[in-house]
Structure formats: structure tokens, C-alpha cells
Amino acid sequence: MERIEHHVSFGGSQEVWKHNSTTVNCEMNFGVFLPEQALRGQECPVLYWLSGLTCTEQNFITKSGVQRYAAQHGVIVVAPDTSPRGKGVPDVPEYDLGQGAGFYVNATQQPWASHFRMYDYVAHELPAVVESTFPTNGARSISGHSMGGHGALIVALRNPGRYRSVSAFAPIVAPGQVPWGEKALTAYLGDDRQAWMQYDAVELVAKASERLPLLVDQGQDDEFLDSRLRPELLEDVCAKVGHPMILNMREGYDHSYYFVSSFIGEHMKFHANALT
């Protein structure tokens, strides 16, 4: 573990750390905001944030404005990179596969299988690293944007009892039914669509043993709304099985961090109420 960035922000500390991951077999970065309470040694709850396609840990920590609200509520916020990276990590020229596009799955196909195990990294290794390094109290929530919204939903739904709350901005809710997901899941998992279902929020909600409320915000002017996101599929299955879901359709908003930063305060309040 090595701290490679440190910035004072709203009385707390926005930091970036790097460590050698045994899960994805390379060096990984993650951002962590420590509120003033954590700097004093007080144990705090943690919100994990998963970013979208092409992002690193930097996008969320520099564009969302989350630090103001994390400081207000006394919540540690952890934002990992979206994929393994480095010279030995496979990649392709396209933005929606390879480095920057881990899709939060455990790849089983070559050349991806030895590094692209982002599900295990986010669900298991990263929390273990965070909770052994920083003053945490064991309470966790998770959120994300786009591909990261997909990641947040599936990690929460597959691990009942682990998270106090889950939310997403413009998530990919049914990757097997949209181009982004079909491309990534075919490459990482192969052609067996049954294997894809473990990473599909719509399928997971239908079988969920825990009714953890879902909070989803979606911009109505998002260019990917109808072709790659399709939140109505998640809304429909939640209504069918009685799973609690709040879907906020935001008029005029697009897919960018202008959208995320506009409503991150509401999401932080939602998580803080569950965490504290």
C-alpha cells in the first residue's frame, strides 16, 4: 500500500492509494475520501463507488463533488479503478472492452481470465484492504454510474446482508439485452448466456432473497437511455416481484458527470440514512 495523492477537502482528506492486487494480478489504484472523523480515528461507515466505461478512479473524485456530502455525513468514500491496467494486461483499441471496461465480472475466457476478475476485486479484496487500513465500522453501501451502476446493483444483489443500501446513476440493468453488455459478456464469459445471468440485475432481482431498496436516477436526455440502459426493464421486474425501487427520471439531464454531480447529494443522504 502506498499513498500517491493527498488533498485537503471539506475538512477531510481526498487520497489516492495504490496496491498490488492478488485478484487481478496487477497494481491497482483507488481513491478514498476520509472525513474529519476518520482522520481523528473515529470508525466510520463506507460507501463504495463504481465508475463507468473509460473511467479511472479520478473521474468520480474530481468531477462529482462527493466530498462535501461525505464530510457532512461522516462517510468514507472509496472509488476504485474500473479495470486492471498495465503492460501485461490484455487490451483492445475499442473503448468498451479491455482496460477501462472491466464490467465488474470474473472473466473465464482468454486472454482476459488471468486479470479481469473485477467482481471478486470489488466484492472481496478491495473491502478487505480498506477495512484493514482505515478506521471503518463495518457498515457498507454501494453506488455507481453506467457500467458502474450495473456493478453496484449486481454486487449488492448477489451479497445479501453485506450492504445497507445501493443506488445507481444511469445503470446498465440488463447487459445481456444491450450492445455494451453483449459485447463484454461474450468476450469475458463466452457464448453461454446462462453464465451471463449472474451479472444481470434484472435476473438477480427476480430471484433476490433480500429486498434491499434500489434507488436509481436516470437522465431523460441520456443518449444511451433506450439503446443501452433501459431502466424500464428493472422497474418492471421490481413491480412484478414486489422489490422496492425508486426510479427518478430527470428531465433534461444527460449521461455525464453534470448529471451525477447534480444528484450526488441526494444519493449520499440516502446512503447516510441507511449507514448511520
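Look above for the structure.
This report concerns the structure included in the present document. (Residues numbered from 1 in each chain as written. Predicted model: local features only at pLDDT ≥ 70, side-chain atom pairs only at ≥ 80, totals over all residues. Heavy atoms only, no water.)

**Section: the overall build of the protein**
Reasoning step 1: When helices and strands are tallied, the protein shows eleven helices and nine strands.
Reasoning step 2: Rg of the C-alpha trace for the protein: 17 Å, near the compact-globule value of 19 Å for 276 residues, within the 12% margin.
Reasoning step 3: Dimensions of the protein, computed from C-alpha atoms along their principal axes, come out at roughly 50 × 45 × 35 Å.
Reasoning step 4: Residues classed as buried in the protein amount to 59% of the 276 residues present.
Reasoning step 5: Taken as a whole, the protein presents about 10800 Å² of accessible surface, with 46% of it coming from carbon and sulfur.
Reasoning step 6: One way to put it: in the protein the 21 positive side-chain charges average out to a point 4 Å from where the 31 negative ones average out. (Helix = DSSP H or I, 4+ residues; strand = E, 2+ residues; numbered from the N terminus. Rg over C-alpha atoms; globule rule 2.2 N^0.38 Å. Buried < 20%, exposed > 50% of the residue type's maximum accessible area, 1.4 Å probe, protein only. Areas by Shrake-Rupley, 256 points an atom, 1.4 Å probe, with all protein chains shown as cover. Lys, Arg positive; Asp, Glu negative; His and termini not counted. Charge placed at Lys NZ, Arg CZ, Asp CG, Glu CD.)

**Observations concerning helix α4 (residues 118-133)**
Because each turn of an α-helix spans 3.6 residues, side chains separated by three or four positions in sequence point in the same direction.
Reasoning step 1: Remark: the principal bend of α4, roughly 35 degrees, maps to glutamate 125, with a proline, proline 127, within the next four residues.
Reasoning step 2: Turning to α4, its buried residues number three or more, namely Met118, Tyr119, Tyr121, Val122, Ala123, Glu125, Leu126, Pro127, Val129 and Val130.
Reasoning step 3: Those residues of α4 that are buried are in contact with β2 (12-21), β3 (26-34), β4 (44-50), β5 (76-80), β6 (136-145) and α5 (147-158). (Bend = angle between axes of the 7 residues up to and from the residue. Contact = heavy atoms within 4.5 Å.)

**Considerations on unusual backbone geometry**
Reasoning step 1: The step from glutamine 110 to proline 111 runs through a cis peptide bond, and the omega angle for that step is 5 degrees.
Reasoning step 2: Inspection of the secondary structure assignment puts proline 111 in the loop between β5 and α4.
Reasoning step 3: Look at asparagine 25: it is not a glycine, yet its phi comes out positive at around 60 degrees.
Reasoning step 4: Relative to the assigned elements, asparagine 25 resides in the loop between β2 and β3.
Reasoning step 5: Residue classification places asparagine 25 among the partly exposed positions, given a relative accessible area of 44%.
Reasoning step 6: Non-glycine residue alanine 170 carries a positive phi angle of around 45 degrees.
Reasoning step 7: Counting through the fold element by element, alanine 170 comes out in the loop between β7 (166-169) and α6 (179-189).

**Thoughts on the pattern of salt bridges**
Reasoning step 1: Within this structure, the stated rule accounts for twelve salt bridges.
Reasoning step 2: Where glutamate 27 meets lysine 18, a salt bridge forms, and the shortest distance between an N and an O atom there is 4.0 Å.
Reasoning step 3: Note that lysine 183 is salt-bridged to aspartate 96, the shortest N-O span being 2.8 Å. You can see lysine 183 sitting in helix α6 and its partner aspartate 96 sitting in the loop between β5 and α4, a full 87 residues away along the chain. (Salt bridge = Lys/Arg side-chain N within 4 Å of Asp/Glu carboxyl O.)

**Focus: the pairing of β2**
Reasoning step 1: Buried residues dominate β2, accounting for eight of its ten residues.
Reasoning step 2: As judged from the seven bridges shared by strand β1 (residues 2-9) and β2, these two strands associate in the antiparallel manner. Each bridged residue has a counterpart across the sheet, and for serine 9 the counterpart in β2 is glycine 12.
Reasoning step 3: What sits between β1 and β2 in their antiparallel hairpin is a turn of two residues, with phenylalanine 10 showing a positive phi close to 50 degrees.
Reasoning step 4: Sheet analysis places β2 next to β3, joined by nine bridges and oriented antiparallel. (Pairing = 2+ DSSP bridges.)

**Let's talk about the packing of aromatic side chains**
Reasoning step 1: A full pass over the atoms with the stated rule returns twelve aromatic pairs.
Reasoning step 2: Ring centres 5.6 Å apart and planes at 85 degrees place the aromatic pair tryptophan 17 and phenylalanine 134 in the edge-to-face group. A residue pair is termed long-range when its members are at least 10 positions apart, and tryptophan 17 in strand β2 and phenylalanine 134 in the loop between α4 and β6 qualify at 117 residues. The two residues tryptophan 17 and phenylalanine 134 agree in class, both being buried.
Reasoning step 3: On the basis of an interplanar angle of 65 degrees and a centroid distance of 4.9 Å, the ring pair of tyrosine 253 and phenylalanine 263 is categorised as edge-to-face. Taken together, the positions of tyrosine 253 in the loop between β9 (245-250) and α11 (257-275) and phenylalanine 263 in helix α11 put the pair ten residues apart, joining distant regions of the chain.
Reasoning step 4: Tyrosine 253 gets classed as partly exposed once you look at its relative accessible area, which sits at 29%.
Reasoning step 5: By way of ring pairs, the aromatic residues Trp49, Phe60, Phe169, Tyr253, Phe259 and Phe263 are connected into one cluster. (Phe/Tyr/Trp six-rings, centres within 6.5 Å; stacked < 30°, edge-to-face > 60°.)

**Notes on helix α3 (residues 66-73)**
Reasoning step 1: Within α3, burial applies to Val66, Gln67, Ala70 and Ala71. Taken down its axis, α3 places every buried residue within 130 degrees of arc, on the same side. (Arc of directions from axis to C-beta.)

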